[in-house]
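Observations on the model geometry
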Amino acid sequence: MKIMVAVKRVVDYAVKIRVKPDKTGLETHNVKMSMNPFCEIALEEALRIKESGLALEVVAVSMGPAQCVDTLRTGLAMGADRGIHVEATGALYPLSVAKLLKALVEVENPGLLILGKQAIDDDCNQTGQMVAGLLGWPQGTFASKVVLDKENQVATVDREVDGGLETLSLDLPAVITTDLRLNQPRYATLPNIMKAKSKVIKKLTPQELKVEIRSDLEVVQVTEPPKRKAGVIVSSVDELIDKLKNEAHVI
Ligand code: AMP
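Calculation notes
Residues numbered from 1 in each chain as written. Predicted model: local features only at pLDDT ≥ 70, side-chain atom pairs only at ≥ 80, totals over all residues. Heavy atoms only, no water. Pairing = 2+ DSSP bridges. Helix = DSSP H or I, 4+ residues; strand = E, 2+ residues; numbered from the N terminus. Near = heavy atom within 4 Å. Polar contact = N/O pair within 3.5 Å; in protein donor to acceptor, adjacent residues only side chain to side chain. Areas by Shrake-Rupley, 256 points an atom, 1.4 Å probe, with all protein chains shown as cover. 1 Å grid on protein atoms, 1.4 Å probe; cavity = no way out; pocket = protein on both sides within 12 Å on 5 of 7 lines; lining within 4 Å. Sits in = over half its atoms within 2 Å of the grid points. Nonpolar A, V, L, I, M, F, W, Y, C, P; charged D, E, K, R; others polar. Points joined across faces, edges and corners; volume = space filled by probe spheres on them. Patch = residues over 30% accessible without salt bridge, like charges linked within 9 Å, V, L, I, M, F, W, Y side chains within 5 Å. Salt bridge = Lys/Arg side-chain N within 4 Å of Asp/Glu carboxyl O. Buried < 20%, exposed > 50% of the residue type's maximum accessible area, 1.4 Å probe, protein only. Arc of directions from axis to C-beta. Axes fitted to C-alpha atoms, helices over the stretch in contact; angles between N-to-C directions.

**Observations concerning the pairing of strand β8 (residues 154–161)**
- Pairing of strand β7 (residues 139–149) with β8 involves six bridges; the strand directions are antiparallel. Residue Lys-145 lies in a different strand from β8, and its bridge partner there is Asp-158.
- Hairpin connection of β7 to β8: four residues between the antiparallel strands, including Gln-153 at a positive phi of 55 degrees.
- By the bridge criterion, eight bridges tie β8 to strand β9 (residues 164–171) in an arrangement that is antiparallel. In the strand pairing of β9, Thr-156 is matched with Ser-169.

Structure representation (structure tokens):
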């Protein structure tokens, strides 16, 4: 079985996000970019499945500008066998990414498509659900545990839901999106970084995949959250209660 993993290039999680002065989006110029953390978890899970002998190949795919190749190289250094880059400039919304993924699935025929549950830049949490819908495949989202039964072609997925865990059984092929507690992604070792340089990254365009990139939605503006007002130190419990009652009106 082949596993396809979608890895997105995003602003590094440790960078303090800045909104562009014209409020059209986030500043990405001269900002450190990395693989989306949930995509690292997705790739780690695919590699563990392969290492346990249940898959033969892990293919990492990324859509976006030329620099996505760096993200794919990171994925190859972690252990993916090859990469596919769909070069697309301009804004890519989840539906367009889902359509591109569907087209890639039709070319590659993976038994499992694993994505992050959400990208930390847009926080959409939509792509996995959309591609599962477009493919007509079962989906296990927010997975915190995945067990594959190769013989019966079934994946058992534990999902983190409000107040507990839900366990699903999915017929393969299926779409899985990863939650934080699924695994701890590995670091790429120096020898693997060197090896990754000779692994293949195929380049495709949306046109070659017969996908038109357009969106029915438009981001009107992006703004920073309002600055928090400075707090006050109260001198007694009575003063606190008075403020909560008469100023904050919460009790
Ligand atoms: P989102 O729906 O935007 O929150 O993204 C959820 C997941 O979809 C990500 O964690 C990735 O696995 C995948 N994804 C979204 N956009 C891209 C992209 N441009 N390239 C590759 N994977 C993507």
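**So, the site of the ligand**
- In the neighbourhood of the ligand, 18 residues make up the surrounding shell, with Ala-6, Ala-119, Asn-125, Gln-126 and Thr-127 lying closest.
- Ala-6 is positioned with one of its backbone polar atoms (N or O) 2.8 Å from an oxygen atom of the ligand.
- Between the ligand and Thr-127, the relevant distance is 2.7 Å, taken from an oxygen atom to a side-chain nitrogen or oxygen of the residue.
- When the free accessible area of the ligand is taken as 480 Å², the share hidden by the protein chains comes to 98%.
- According to the grid-proximity analysis, the pocket containing the ligand is the largest pocket.
- Looking at the shell around the ligand, the elements that each hand over two or more residues are β4 (57–64) and β6 (112–116).
- With three residues, β4 is the single largest residue contributor to the shell around the ligand.
- Residues belonging to the shell around the ligand are distributed by class as follows: nine nonpolar, seven polar and two charged.

**As for the layout of surface pockets**
- Roughly 1,300 Å³ of volume is contained in the largest pocket.
- Around the largest pocket, the lining comprises 45 residues; the ones closest to its centre are Lys-8, Ala-91, Leu-92, Asp-121 and Asp-122.
- When residues of the lining of the largest pocket are traced back to their parent elements, those giving at least two are β2 (9–11), β4, α3 (94–108), β6 and α4 (127–135).
- A breakdown of the residues in the lining of the largest pocket according to their chemical character gives 24 nonpolar, 15 polar and six charged.
- There is about 600 Å³ of room inside the second largest pocket.
- Residue lining of the second largest pocket: 22 residues in total, with Tyr-13, Met-35, Pro-37, Glu-40 and Tyr-187 positioned closest to the centre.

**So, a nonpolar patch on the surface**
- Among the surface-exposed residues, Val-237, Ile-241, Val-250 and Ile-251 lie close enough to one another that they form a single nonpolar patch of about 390 Å² accessible area.
- If you trace the backbone, Val-237 turns up in helix α6 (residues 237–246).

**Thoughts on α4**
- Among the residues of α4, Thr-127, Gly-128, Val-131, Ala-132 and Leu-135 are the ones counted as buried. Axial view of α4: buried residues confined to an arc of 130 degrees, hence all on one face.
- Phi turns positive one or two residues past the end of α4, at Gly-136, with a value near 75 degrees.

**Things to note about the sheet that holds strand β5 (residues 82–87)**
- Strand order in the open sheet formed by nine strands is β9-β8-β7-β10-β6-β1-β4-β5-β11, with mixed pairing between adjacent strands. Two strands in the sheet have a free side with no partner beyond their single neighbour: β9 and β11 (201–204). Each neighbouring strand pair of the sheet contributes to a mean axis angle of 30 degrees, computed without reference to strand direction.
- Bridge count for β6 against strand β10 (residues 174–178) is five bridges, and the pairing is parallel. Within the sheet, the bridge partner assigned to Leu-113 lies in β10 and is Val-175.

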